[in-house]
Amino acid sequence: MCLPLFKGPKVMGQLAPQLFQCQVCVIPSLSHLQGAGKRSRVHFKCAICIWNLLLSTLNMRSKELSLSVKQAIIRLKKQNKPIREIAKTLGVAKSIVWNILKKKEHTGELSNTKRPGRPRKTTVVDDRRILSLVKKTPFTTVGQIKNTLQEFWNNILWTDETKINLYQSDGKRRVWRRKGTAHDPKHTTSSVKHGGGSVMAWACMAANGTGSLVFIDDVTADKSSRMNSEVFQAILSAHIQPNASELIGRRFTVQMDNDPKHTAKATKEFFKGKKWNVMQWPSQSPDLNPIEHAFHLLKTKLKGKCPKNKQELKTVAVEAWQSITREETQRLVMSMRSRLQAVIDCKGFATKY
């Protein structure tokens, strides 16, 4: 059966069960149905097929394509239509068409994957905090629970050390060039013998913004960048409390990794004396720390700067660190939230040394 497109949606809807049996074909005589003077790329045996494909595309409520659209992709491919033409005809991305064809080739299936349900909005850590909270105060409202969870992540002072090079990074850099122009001055970078210089820095941040950026050689007695437990304690004594008071408030938790100087016996005694909460942290987990990504932002901002010596490097580094916005630090902290559930074991969320 073949109906002209101008019969309208009411007739099309009544004949919908027959639509899946229609085959794709090329019929130039139907071009007038899709606009005067315009030649369509691909036509269908009847106008019902066009209507069904349009409805199935517009009525998709998820990111996955409907089964009818997937079947149309397969039919067009069997007619040796290129992926680009299939994508334009059905109004989907070329990568989606390619993935559908690959799935059909490898598994023979076109059905949509069953979803487990609505995506989680809380982590396992958040779930334990909610249970603990409602056990203590059964009449807690949803709004109060939400504020408590948000407050937990906002109350962490993230700390770490990083190396800042005077002449960009130590890694390889790639360049776009034509063949035979490798030695063109604009395709080369100047090299600096003996390393070119760098500075080691300690920094802290919270969801509310960045804190101090402290250069190790400004603290050590011999002006070196080597930091031991004693130097580490001196930095913490001078900067933890002021930064926590400004960015968080009276109640805060300090985060640091498991570097030997952080876990030394003298450092633990130092924290015990200060009565600061310290977040437990798994070994070899730098990607979980939001401040690592803040350091990446810092070094990205330094690109294009041309400090001539270490002192100028320190000046532009502090400016770049302070230019990181509150919105950026909040985004970094909350983006790590779902992955941070591995940080804390079943005993709690923080520990006191």
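Residues numbered from 1 in each chain as written. Predicted model: local features only at pLDDT ≥ 70, side-chain atom pairs only at ≥ 80, totals over all residues. Heavy atoms only, no water.

Caption draft 1: Here's a closer look at the pairing of strand β1 (residues 156-165). With respect to burial, β1 is a largely interior element, 9 of its 10 residues being buried. Two strands pair when backbone bridges link them, and β1 and strand β4 (residues 253-255) are joined in this way by 3 bridges, in the parallel orientation. Looking at β4, one finds that leucine 157 is bridged to valine 254. Examined bridge by bridge, β1 and strand β2 (residues 198-206) share 8 bridges and lie antiparallel to one another. By the bridge assignment, aspartate 160 is partnered in β2 with alanine 203. (Buried < 20%, exposed > 50% of the residue type's maximum accessible area, 1.4 Å probe, protein only. Helix = DSSP H or I, 4+ residues; strand = E, 2+ residues; numbered from the N terminus. Pairing = 2+ DSSP bridges.)

Caption draft 2: Representation of helix α4 (residues 83-90) in the model. For α4, the set of buried residues is Ile86, Ala87 and Leu90. What you see down the axis of α4 is that its buried residues fit within an arc of 100 degrees, all on one side. Opposite the buried face of α4, by more than 90 degrees, sit the exposed residues Arg84 and Lys88. Note on α4: the residue one or two positions beyond its end, glycine 91, has a positive phi of about 70 degrees. (Arc of directions from axis to C-beta.)

Caption draft 3: Representation of the packing of aromatic side chains. For the coordinates displayed, the defined rule picks out 5 aromatic pairs. Their ring planes at 80 degrees and their centres at 5.8 Å tell us that phenylalanine 270 and tryptophan 276 sit as a pair that is edge-to-face. Of the two residues examined, phenylalanine 270 and tryptophan 276, each falls in the buried class. Joined through ring pairs, the aromatic side chains of Phe252, Phe270, Phe271 and Trp276 make up one cluster. (Phe/Tyr/Trp six-rings, centres within 6.5 Å; stacked < 30°, edge-to-face > 60°.)

Caption draft 4: Region of interest: the pattern of salt bridges. Under the definition given, this model contains 5 salt bridges. One salt bridge connects lysine 314 with aspartate 217, and the closest N-O pair in it is separated by 2.9 Å. Placement of lysine 314 in helix α12 (residues 310-322) and of aspartate 217 in the loop between β3 (209-215) and α8 (229-247) is noted, with a sequence separation of 97 residues between them. Each member of the pair, lysine 314 together with aspartate 217, is buried. Classification of lysine 314 by relative accessible area gives buried; the value is 8%. (Salt bridge = Lys/Arg side-chain N within 4 Å of Asp/Glu carboxyl O.)

Caption draft 5: Examining the packing of α4 against helix α5 (residues 94-107) more closely. Two numbers describe how α4 lies on α5: the axes approach to 8 Å, and their chain directions differ by 115 degrees. On the basis of the axis angle, α4 is roughly perpendicular to α5. The crossing of α4 and α5 is right-handed. Residues Ile83, Arg84, Ile86 and Ala87 of α4 lie in contact with α5, whose contacting residues are Lys94, Val97, Trp98 and Leu101. Taken together, the residues of the contact of α4 with α5 break down into 6 nonpolar, no polar and 2 charged. (Axes fitted to C-alpha atoms, helices over the stretch in contact; angles between N-to-C directions. Parallel < 35°, antiparallel > 145°, perpendicular 65-115°, else oblique. Left-handed = near helix turned anticlockwise from the far one by under 90°. Contact = heavy atoms within 4.5 Å. Nonpolar A, V, L, I, M, F, W, Y, C, P; charged D, E, K, R; others polar.)

Caption draft 6: Helix α11 (residues 290-302), seen in detail. With 13 residues, α11 should reach 18 Å at 1.5 Å per residue; the first-to-last C-alpha distance of 19 Å fits that figure. Taken together, the buried positions of α11 are occupied by Pro290, Ile291, Ala294, Phe295, Leu297, Leu298 and Leu302. On an axial view of α11, the arc spanned by its buried residues comes to 155 degrees, and they lie on one face. Buried residues along α11 sit in contact with β1, β2, α12 and α13 (326-336). Glycine 304 occupies a position one or two residues after α11 and carries a positive phi of about 95 degrees. (Expected span 1.5 Å × (residues − 1).)

Caption draft 7: Spatial organisation of the pairing of β3. Along β3, 7 of the 7 residues are buried, which leaves the element largely enclosed by surrounding structure. Both β2 and β3 contribute to a ladder of 5 bridges, which runs antiparallel. When the bridges of β3 are listed, methionine 205 appears paired with threonine 210. Taken together, β2 and the strand that follows it, β3, pair antiparallel across an intervening segment of 2 residues.

Caption draft 8: Broad picture of the side chain of asparagine 243. Among the structural elements, asparagine 243 can be located in helix α8. One polar contact links the side chain of asparagine 243 to the main-chain carbonyl oxygen of histidine 239, over a distance of 2.6 Å. Those residues in contact with asparagine 243 that sit more than four places away from it in its chain are Cys204, Gly211, Ser212 and Ile248. (Polar contact = N/O pair within 3.5 Å; in protein donor to acceptor, adjacent residues only side chain to side chain.)

Caption draft 9: View of the confidence of the model for the protein. With 68% of its residues at a pLDDT of 70 or more, the protein has an overall mean of 75. Taken element by element, the protein is modelled with least confidence in helix α1 (residues 9-14), mean pLDDT 41, and with most confidence in β3, mean pLDDT 95. Below pLDDT 50 for its whole length, residues 1-45 participates in 70 contacts with residues either more than four positions away or in separate chains. Across residues 342-352 the pLDDT falls below 50, and counting only partners more than four positions away or on other chains, this stretch makes 29 contacts in the model. (pLDDT = per-residue confidence, 0-100.)

Caption draft 10: Structural context of the nonpolar core. Trp158, Ile164, Met205, Leu213, Ile291, Leu298 and Trp321 are the most contacted members of the largest nonpolar core, which has 30 residues in total. Breaking this core down by element, the ones donating at least two residues are α7 (142-154), β1, β2, β3, α11, α12 and α13. Ranked by residue count, the leading element in this core is α11, at 6 residues. Listed in part, the 22 residues of the second largest apolar core include Ile240, Ile248, Phe252 and Trp276. (Core = buried A, V, L, I, M, F, W, Y, C linked by side-chain atoms within 4.5 Å.)

Caption draft 11: Focus on the side chain of aspartate 160. As for its placement among the helices and strands, aspartate 160 is situated in strand β1. Despite its burial, aspartate 160 pairs with no opposite charge; the closest candidate is lysine 261, at 7.4 Å N-O. (Lys, Arg positive; Asp, Glu negative; His and termini not counted.)

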